[in-house]
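# Summary of the model geometry
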Amino acid sequence: MSIIPNLTSRSLVFTDSHNGIVKTEGIGYNTSMKCMLCPRLCGVDRKAGETGFCAAPAQPVVARAARHDWEEPCISGSRGSGAVFFSGCNLGCVYCQNREISRSIRGKRLDAAGLRELFARLRDTGVHNINLVTATPYADVVAEALEVSPGIPVVWNSGGYERLETLRMLEGKIDVYLPDMKYADDALAMALSGAPDYFGTADAAIREMARQTGPCRFDGEGLMTGGVLVRHLVLPGFLANSKDVLEWFADAFHKGEAMLSLMAQYTPNGYGGPERRLREEEWREVSDYLYMLGIRSGYVQELSSAEAEYIPAFDGTGLE
Ligand code: SF4
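Rules of the game
Residues numbered from 1 in each chain as written. Predicted model: local features only at pLDDT ≥ 70, side-chain atom pairs only at ≥ 80, totals over all residues. Helix = DSSP H or I, 4+ residues; strand = E, 2+ residues; numbered from the N terminus. Buried ≥ 20, exposed ≤ 12 C-beta atoms within 10 Å, placed from the backbone. Core = buried A, V, L, I, M, F, W, Y, C linked by C-beta atoms within 7 Å. Contact = placed C-beta atoms within 7 Å. Near = placed C-beta within 6 Å. Nonpolar A, V, L, I, M, F, W, Y, C, P; charged D, E, K, R; others polar. Pairing = 2+ DSSP bridges. Right-handed = clockwise from strand over helix to strand, strands pointing away. Expected span 1.5 Å × (residues − 1). Arc of directions from axis to C-beta.

### With respect to the overall build of the protein chain
Tallying secondary structure elements over the protein chain gives nine helices and 13 strands in all. Here the protein chain holds 320 residues, and the buried ones make up 48% of them.

What follows is the structure in structure tokens.
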């Protein structure tokens, strides 16, 4: 991954705003809790064992918690990012590289106190930040855990498909938001991720993230300490979608208000989505478009980075 040249660097009736689980009209708070944490608004009672689209139980499930060196340089730095991989996901991307933990639930269950201890242990290994990967289905418990700051920046690393109400629950607890903007094309979002309202939802969510954090900020080592870094993975054969996402970014954020990370690492997984990797000419076309739009804050990945071995082992590392 390289720095871009010349750059520095339905109705809800009641909401229990503390834990993000809401009760719906006509259903008593003490008898039934309905999960509305994300835009799916499944309304299932996860505390009673029901599961919604994400398949997540009520209590967070963590598949791995360890140093991670494959994020953008301003996140991984020299000592790595403290990545906490949660199991379960509210998007259904057919090409997901973390399918092993996104489409099935595996790992260790932790309550808020357990998460807090995990964050402290990870911090003590010397990592630059606590990087919460796909924590959306557990935002309520994570927010509770973060009532005590881990003392290093906290990164919210998600697919961008978030509810504003849930993000507001995290306000002041998240230093850096690292959302995807996967699609500007809702038909494509439906076909590949089962999210027909993706673009408008992610647009509003990312703007809320930027409102919370303010402009991008860095420490003396160039590590991001605040702000929003938007990721976009270019999908082979869907260049118009990528160009529309880039146009959205250029229109929504001016230099320094947010950064963009353009990613080339699409890898077929045999479960759907394009069945080949990105071609050199496709990559050049999209990255040229980025420059043409004047986007100058962020990163452009090297095409050679599309290697499957960058996927970490979800083997319970860090959870012993
Ligand atoms: S977090 Fe899971 S159960 Fe809750 S609304 Fe989203 S997909 Fe449904």
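### What about the nonpolar core?
In this structure, Val-62, Val-84, Leu-132 and Val-142 are the most contacted members of the largest nonpolar core, which totals 92 residues. Considering every element that reaches this core, the biggest residue donor is helix α7 (residues 198–213), with seven residues. Apart from the residues lying within four places of it in its own chain, the contact partners of Val-84 are Val-62, Ala-65, Leu-118, Ile-130, Asn-131, Leu-132 and Val-133.

### Describing unusual backbone geometry
One can expect most non-glycine residues to show negative phi and most peptide bonds to be in trans. The backbone phi angle of Ala-55 is positive, close to 70°, even though this residue is not glycine. Within the secondary structure, Ala-55 sits in the loop between β3 (34–35) and β4 (61–68). The backbone phi angle of Thr-134 is positive, close to 55°, even though this residue is not glycine. Turning to its location among the elements, Thr-134 is positioned in the loop between β7 (130–133) and α4 (139–145).

### Considering the site of the ligand
The environment of the ligand is made up of 14 residues, and the closest members are Cys-35, Cys-38, Cys-42, Gly-52 and Cys-54. Tallied by class, the residues present in the shell around the ligand amount to eleven nonpolar, two polar and one charged.

### What to know about the pairing of strand β12 (residues 259–263)
By the criterion of burial, β12 is predominantly enclosed, with four of the five residues buried. Alignment of strand β11 (residues 224–233) against β12, held across five bridges, turns out to be parallel. Paired with Val-230 across the two strands is Leu-260, which belongs to β12. Where the polypeptide runs from β11 across helix α8 (residues 239–252) and back to β12, its parallel neighbour, the crossover connection is right-handed.

### Considering the environment of Gln-301
Following the sequence through the fold, Gln-301 ends up in the segment after β13 (298–300). Accessibility expressed as a C-beta count within 10 Å gives 20 for Gln-301, which makes it buried.

### Topic: α7
Taking 1.5 Å of rise per residue, the 16 residues of α7 would be expected to cover 22 Å, and the 22 Å separating its terminal C-alpha atoms lies within 8% of that figure. Taken together, the buried positions of α7 are Tyr-198, Phe-199, Thr-201, Ala-202, Ala-205, Ile-206, Glu-208, Met-209, Ala-210, Gln-212 and Thr-213. Buried residues along α7 sit in contact with α5 (164–170), β9 (176–179), α6 (186–193) and β11. Gly-214 occupies a position one or two residues after α7 and carries a positive phi of about 75°.

### Examining helix α9 (residues 280–292)
Here α9 contains 13 residues, and its C-alpha end-to-end distance of 18 Å stays within 8% of the 18 Å for a straight helix at 1.5 Å per residue. Of all the residues in α9, the buried ones are Glu-282, Trp-283, Val-286 and Leu-290. All buried residues of α9 lie within an arc of 100° about the axis, which places them on one face of the element. Turned more than 90 degrees away from the buried face of α9 sit Glu-280, Glu-281, Arg-284, Asp-288 and Met-292, all of them exposed. Packing partners of the buried residues in α9 comprise α8, β12 and β13. Looking one or two residues beyond α9, the residue adopting positive phi is Gly-294, at roughly 85°.

### A few points about the pairing of strand β5 (residues 81–86)
In terms of burial, β5 is largely enclosed, as six of its six residues are buried. In terms of strand pairing, β4 meets β5 through six bridges, oriented antiparallel. By the bridge assignment for β5, Arg-67 is matched with Gly-82. In terms of strand pairing, β5 meets β7 through four bridges, oriented parallel. Each residue of the ladder has a partner; that of Val-84, found in β7, is Leu-132.

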